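Structural overview
Each chain is listed here by its residues.
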Amino acid sequence: MIEELRSIASLAEEEIQSTETLNALTSVKAKYLGKKGLITERIRSLRSLPPEKRPEYGRLLNQIKNRIEELLKEREGYLKEADLDRRLKAESFDVTLPGFCIPFGHLHPATRMLNEIIDIFVSLGFSVMEGPEVELDYYNFEALNIPKDHPARDMQDTFYISDDVVLRTHTSPVQVRVMEKHTPPLSVVAPGKVYRCDADISHIPMFHQIEGFMVDEHITMGDLRGVLEVFAHEVFGPQTAIRFRPSYFPFTEPSAEVDISCVLCNGSGCRVCKNSGWVEVLGAGMINPRVFEMAGYEPGRYTGFAFGMGVERITMLKYGISDIRLFLENDKRFLEQF
Amino acid sequence: MKVSIEWLQEFVDFKLSPQELSHLLTMAGLEVEASETVDGDTILDVSITPNRADCLSVLGIAREISANLGVPIRQPLISVKEDETTSPDIEIIDTEICHRYASRIIYGVRVGQSPEWLVRRLEAHGMRAVNNVVDVTNYVMLEMGHPLHAFDLNRLEGRRIVVKRAGDVGRFKTLDGEERRLNRDMLMIWDAVRPVAIAGVMGGLDSEVTPSTTDVLLESAYFDPVSVRRTSKALGLTTEASYRFERGTDIEMIVRALDRATALIKELAGGRVTALTDNYPIPYTPPEVSVSLQRIRGLLGIEIDESSIVEILKRLNLQYKKEGEGFVITPPSFRRDIQQDVDVIEEVARLYGYEKIPSTMPAIRLKRIEGNDNFRTIRLIKDAMVKAGFSEVINTSFLNPSALDELNIPDNDRRRRLVHIKNPLRREESCLRTTLVPSLLNNAVLNQNRGERAFSLFELSRVFFDRAEALPDEVMQMAAIHCRPLRPSIWEKAHNGFYDIKGAIEGLFDFLKIKGYSFQRSDKPPQPYLNPVRSCAIVINGEVVGSVGELHPSVVSLYELRGDISIFEINDLEALIRAIPSRITYRQLPRFPYVERDISILVNKDVPVAEIEGVISSLNSEIIESVRLFDIYTGKQIPPEKKSIAFTIRYRSSDRTLTDDEVDELHSKIIDTLRHTINAELRG
């Protein structure tokens, strides 16, 4: 009798393990544990056994029942998983087909750079101001201490609309326009388009500049250097060194050309920096008292600094663009890189 | 300005390699842009800023080296032995623009070739050798920075010089053989009867020194910078002389330069030298510039002591007097650029070393300036366009006026109010843009020619309209172009590109929270360059702000474009920005469920969907939450003049759960209204 029980158990185990579908598993379950199942029947007939044999037989029967239930559950889990797997395999599709979402466009690299520069100065407390692109000769030159018939006018090839109206050659006129309306303290950046009557392999007739200036009662040239250092570190990385060289702009005195250590060779000398280790990035200086005078400020009360940079030039250095003419060509393949 | 290191060493001693010297000059503000080696000598190309006319000579650059190194300068040796007691006959009439005129005559010169050393030096500095007399004048100009001129005395009527304006002269032939047209105000050098040179710019053909010249009159004069510049600009003639005069020459050096040239001519060409004529009607009076110690330190942000400043002033030949807590400076006559305290401060900084100024961060008072926030919104708009799949282009602001004809812009259109550039680079770029559309079309042409078939580009820039004021009206506009191939790839749904670009506008407005916009058709096409039956106006709160549509087939073929091309324009971006609500107001989320009912109708083909939506919204029911189009169908089972349109209408109340009965009632009312207003037939 015990033997018979053991053989039922091993048969059940064998059957369960070889079942391939959930339906078949249900039949196997019924065969052993259903109402008329082999195990169920024997449990029912337990009462008819002699009392002394009941405990041992009953214990074994119970063990076998538990074992079969456990196996059934295990097999059921396995078959369900296999089933899902099969179904998923049948439903696969080609994930390498292009997606339907419209691909994002791209900002022009000059805009991207300009945004980055504006954000740096705004984070330092600068306001953003703009001025007209077609400008009075007065604001573009005279109020910036560049009188008519002054050789400094040769520094910028100018497009003229009339004798008194020009396409602004720099963003510096915004300095004067802001100072005419507002008194210090002032911290302002003025981004925008500027124009030079010049077009060749390294010049385009329209490009972007950003002007910055700060005016208060105790602004120093050291402050100018400090602020530009922050700018250079933010744009070109904290390892970037800056260098001030004496220069000349009629609206600043002292004036400086500002170089940064070459972004390509880190200062060891290469083609971009003509082996000097330095590249020129902007012009700057302490605002000329004559400009304050033109703006109607009380003489001697304020000092301030100003700087101006060509956005395309900074962009070229930052992204390694070698031809400035690409900025106005608007080739999709160029734009898509930024 | 080119300068030979060998020549510099005649005036100042230094033991620097060419690289070290270049660095020294560059860091002193005289940027060395290039250098080349010629016969063992090095020629530096130095960029001289317009304020440093004193450095437009070998001696001037030597002076800078001497100041920077703190070593003495040797002046050229000048000694003239006079052979005659007579002196040239010089009269200055227009003294306000000729402050000084000095002259000597050298009789009996032998004009010929210059010696080898002189020719080589001139050529190394970019000048051509002519003859020994002319070459000496050029040599002295290079050396001392003062332009000189030599006349053939025997070709001067009356053997005299008069300095006065051109007046009625009219035309004059310069020594380069060109006939020049003179203005009345141009300063001329005359003999007794006629002009013989344009003062400070170029001599005349009829009085130049030639191989047959025997007697030479040498001119060394000071001409007003503004006068020379105006003349040079008006004639379009820039010479080595005019370049120096207009930047300001050293009026106190005139006689030394004259004597240096006289001595050299006598040495190279022989001759007998007369006494000096030196007419100096307006003597130079140096300015006095006061600068305080506190101002020097305060402006530069350095702790420089007084003795260091004194040392710098001495090195630069700036005479000084101590006065209170500062100095009164008298700059030398060759430093006309030093006029204000800041000019002195720059000199102190230069010699102290810009690189020694420590970086500090300014301690400033924060202040907000009003009215400059558009740039933020513009950035948002650009970002939204990028997310809609458009790439930003930036074009020059120039316009070819013929582009307006190509777009069929009418004569009375605002876009014809062009701003003209007086000196354009090319005729095709002679005006400023009044519309962004031609630029975008050109961008499309370029990209198609380079093999790109699908692209979406936008530009956000100012355009310029002429008006009755000095400055034109500058208006911020935005325009976009969308090109897609006529046969898109198989898995892309076929539709007109118009709906892509329209979707971008809708997405943009939604992003900006602009309400109350619509796309309106009228009998008049919104733009002459758009397809009249596939375009419409963009309207916000009843105001037309722009247009959108397919490009007109005639423009497509004129520009030789291919594919399905749509364009939109926003005519005044600032007006659009004003339509953005200043704040967002939160609305309570719905607390009751919605009920949806579909509706499917047949209408005439030419009934626009917007009209159907308009009919439904005219019922003004508070419980119609939304009307969503889900199908448009023409073809089988639909009469040819009809189309089938299907909507889902969502009903919801904010204060109760709707009953089927009330929804059914309203739904029937909608159907009835559609039937009456647009002859809609209900479909099965």
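Residues numbered from 1 in each chain as written. Chains lettered and ligands numbered in written order. Predicted model: local features only at pLDDT ≥ 70, side-chain atom pairs only at ≥ 80, totals over all residues.

With respect to the overall build of chain A
Across its full length, chain A holds 12 helices and 9 strands. In summary, chain A has a C-alpha radius of gyration of 42 Å against a globular reference of 20 Å for 338 residues, an excess of more than 25%. For chain A, the spread of C-alpha atoms along the principal axes amounts to about 130 × 45 × 45 Å. Across the 338 residues of chain A, 42% fall into the buried class. Of the contacts made within chain A by residues no fewer than 6 positions apart, 66% connect residues no fewer than 24 positions apart. (Helix = DSSP H or I, 4+ residues; strand = E, 2+ residues; numbered from the N terminus. Rg over C-alpha atoms; globule rule 2.2 N^0.38 Å. Buried ≥ 20, exposed ≤ 12 C-beta atoms within 10 Å, placed from the backbone. Contact = placed C-beta atoms within 7 Å.)

Side note on the overall build of chain B
In terms of helices and strands, chain B carries 19 helices and 31 strands. Relative to the globule expectation of 26 Å for 684 residues, the C-alpha radius of gyration of chain B, 40 Å, shows a markedly less compact shape. Across the 684 residues in chain B, those meeting the buried criterion constitute 39%.

Quick look at the sheet that holds strand S4 (residues 89-92) of chain B
Strand order in the open sheet formed by 5 strands is S4-S7-S10-S11-S12 (chain B), with mixed pairing between adjacent strands. Only two strands of the sheet have a single partner each, and these edge strands are S4 and strand S12 (202-203) of chain B. (Pairing = 2+ DSSP bridges.)

Let's talk about the pairing of strand S26 (residues 543-551) of chain B
Residue and element names in this part refer to chain B. Note that strand S25 (residues 530-540) and S26 share 7 bridges and pair antiparallel. Looking at the pairing, Val539 lines up with Val544 of S26. Hairpin connection from S25 to S26: 2 residues lie between these consecutive antiparallel strands, with Asn541 at a positive phi of about 45 degrees. In this sheet, strand S27 (residues 564-570) lies alongside S26 in antiparallel orientation, the contact comprising 5 bridges. Across the sheet, the residue bridging to Gly546 is Ile570, located in S27.

Some points on helix H9 (residues 293-300) of chain B
Along H9(B), the residues classified as buried are Ile296(B), Leu299(B) and Leu300(B). All buried residues of H9(B) lie within an arc of 90 degrees about the axis, which places them on one face of the element. Along its buried surface, H9(B) packs onto helix H8 (221-236), strand S8 (278-287) and strand S9 (303-310) of chain A together with strand S16 (289-292), helix H10 (306-315) and helix H11 (341-352) of chain B. (Arc of directions from axis to C-beta.)

So, the packing of helix H4 (residues 116-124) of chain B against helix H5 (residues 132-144) of chain B
Residues and elements named next belong to chain B. With their axes 10 Å apart at the nearest point, H4 and H5 run at an angle of 55 degrees to one another. On the basis of their axis angle, the class for H4 and H5 is oblique. Crossing geometry of H4 relative to H5 is assigned as left-handed. Residues Leu118, Arg121 and Leu122 of H4 form the contact with H5, whose participating residues are Asp135, Asn138 and Tyr139. (Axes fitted to C-alpha atoms, helices over the stretch in contact; angles between N-to-C directions. Parallel < 35°, antiparallel > 145°, perpendicular 65-115°, else oblique. Left-handed = near helix turned anticlockwise from the far one by under 90°.)

A word on the domain arrangement of chain B
Split by domain assignment, chain B resolves into domain 1 (2-69), domain 2 (89-279), domain 3 (289-354), domain 4 (374-578) and domain 5 (595-682). Each of domain 4 of chain B and domain 5 of chain B was reduced to a C-alpha centroid, and the two centroids are 35 Å apart. (Domains from an automatic or database assignment.)

Focus on the environment of Asp206(B)
Residue and element names in this part refer to chain B. Turning to its location among the elements, Asp206 is positioned in the loop between S12 and strand S13 (216-223). A count of 17 C-beta atoms within 10 Å places Asp206 in the partly exposed class. C-alpha separation for the pair Asp206 and Thr360, spaced 154 residues apart in sequence, amounts to 63 Å. Leaving out residues up to four positions away in the same chain, Asp206 has contacts with Arg155, Lys173 and Val196.

Describing the domain arrangement of chain A
The domain architecture assigned to chain A consists of domain 1 (2-90) and domain 2 (109-335). Each of domain 1 of chain A and domain 2 of chain A has a C-alpha centre, and these two points are 87 Å apart.

Comments concerning the sheet that holds strand S30 (residues 642-651) of chain B
Residues and elements named next belong to chain B. With respect to topology, 4 strands assemble into an open sheet ordered S29-S30-S28-S31, the strand pairing being antiparallel. Two strands lie at the open edges of the sheet, namely strand S29 (624-633) and strand S31 (681-682), each paired on one side alone. As paired elements, strand S28 (residues 595-604) and S31 share 2 bridges and run antiparallel to each other. Across the sheet, residue Leu602 finds its bridge partner in S31, namely Glu681. Contacting S29 and S30, helix H18 (residues 609-618) runs over the sheet at an angle of about 150 degrees to S29. Sheet strands in contact with helix H19 (residues 660-678) are S28, S30 and S31, and its direction is about 15 degrees off that of S28.

Describing the interface of chain B and chain A
Facing 74 residues of chain B, the contacting portion of chain A comprises 73 residues. When its residues are assigned to classes, the side of chain B that touches chain A shows 35 nonpolar, 19 polar and 20 charged. (Nonpolar A, V, L, I, M, F, W, Y, C, P; charged D, E, K, R; others polar.)

Quick word on the pairing of S27(B)
On a regular strand, one side chain projects to one face of the sheet and the next to the other, so that they alternate. Residue and element names in this part refer to chain B. When you tally the buried positions in S27, you get 7 out of 7 residues, the bulk of the element. Side chains of S27 alternate between two faces, with Asp564, Ser566, Phe568 and Ile570 and Ile565, Ile567 and Glu569 buried alike. Pairing analysis gives 7 bridges linking strand S23 (residues 473-484) to S27, with the strands arranged antiparallel. By the bridge assignment, Cys483 is partnered in S27 with Ile565.

A word on the nonpolar core
Taken as a class, soluble globular proteins show a tendency for nonpolar side chains to be buried jointly. In terms of nonpolar packing, the biggest core is built from 146 residues, with Phe305(A), Ala480(B) and Ile567(B) touching the most fellow members. In contact with Ile567(B), other than residues within four places in its own chain, are Val437(B), Leu440(B), Ala479(B), Ala480(B), Ile481(B), Leu530(B), Gly549(B) and Leu551(B). If you look at the next biggest cluster of nonpolar residues, it comprises 82 residues, including Ala28(B), Leu30(B), Met144(B) and Ala257(B). (Core = buried A, V, L, I, M, F, W, Y, C linked by C-beta atoms within 7 Å.)

A word on the packing of helix H5 (residues 109-123) of chain A against helix H10 (residues 311-319) of chain A
Residue and element names in this part refer to chain A. It is at 9 Å that the axes of H5 and H10 come closest, and there the two elements cross at 95 degrees. Overall, the two elements H5 and H10 adopt an arrangement that is roughly perpendicular. Residues Pro109, Ala110, Met113 and Leu114 of H5 pack against Val311, Glu312, Ile314, Thr315, Lys318 and Tyr319 of H10. Along the lines of polarity and charge, the residues of the contact of H5 with H10 split into 7 nonpolar, 1 polar and 2 charged.

Observations regarding helix H4 (residues 54-90) of chain A
Residues and elements named next belong to chain A. Across its 37 residues, H4 extends 53 Å between first and last C-alpha, which sits within 8% of the 54 Å expected from 1.5 Å per residue. Where burial is concerned, little of H4 is hidden: 3 out of the 37 residues are buried. Looking at H4, one finds that the buried residues are Ile64, Ile68 and Arg75. The inward-facing, buried residues of H4 contact helix H1 (2-18), helix H2 (22-33) and helix H3 (38-44). (Expected span 1.5 Å × (residues − 1).)

Some thoughts on unusual backbone geometry
A cis amide bond, omega 0 degrees, links Pro184(A) with the succeeding residue Pro185(A). Mapped onto the elements, Pro185(A) comes out in the loop between helix H7 (173-181) and strand S4 (186-195). For the bond running from Glu253(A) to Pro254(A), omega is -5 degrees, close enough to zero to count as cis. Topologically, Pro254(A) is positioned in strand S7 (residues 252-261). One non-glycine residue, Arg159(B), lies in positive phi territory at about 45 degrees. Following the sequence through the fold, Arg159(B) ends up in the loop between strand S6 (149-152) and strand S7 (160-165). A count of 16 C-beta atoms within 10 Å places Arg159(B) in the partly exposed class.

As for the environment of Gly200(B)
You can see Gly200(B) is positioned in the loop between strand S11 (195-198) and S12. Residues Gly200(B) and Thr239(B) lie 39 residues apart in sequence; the distance between their C-alpha atoms is 8.8 Å.

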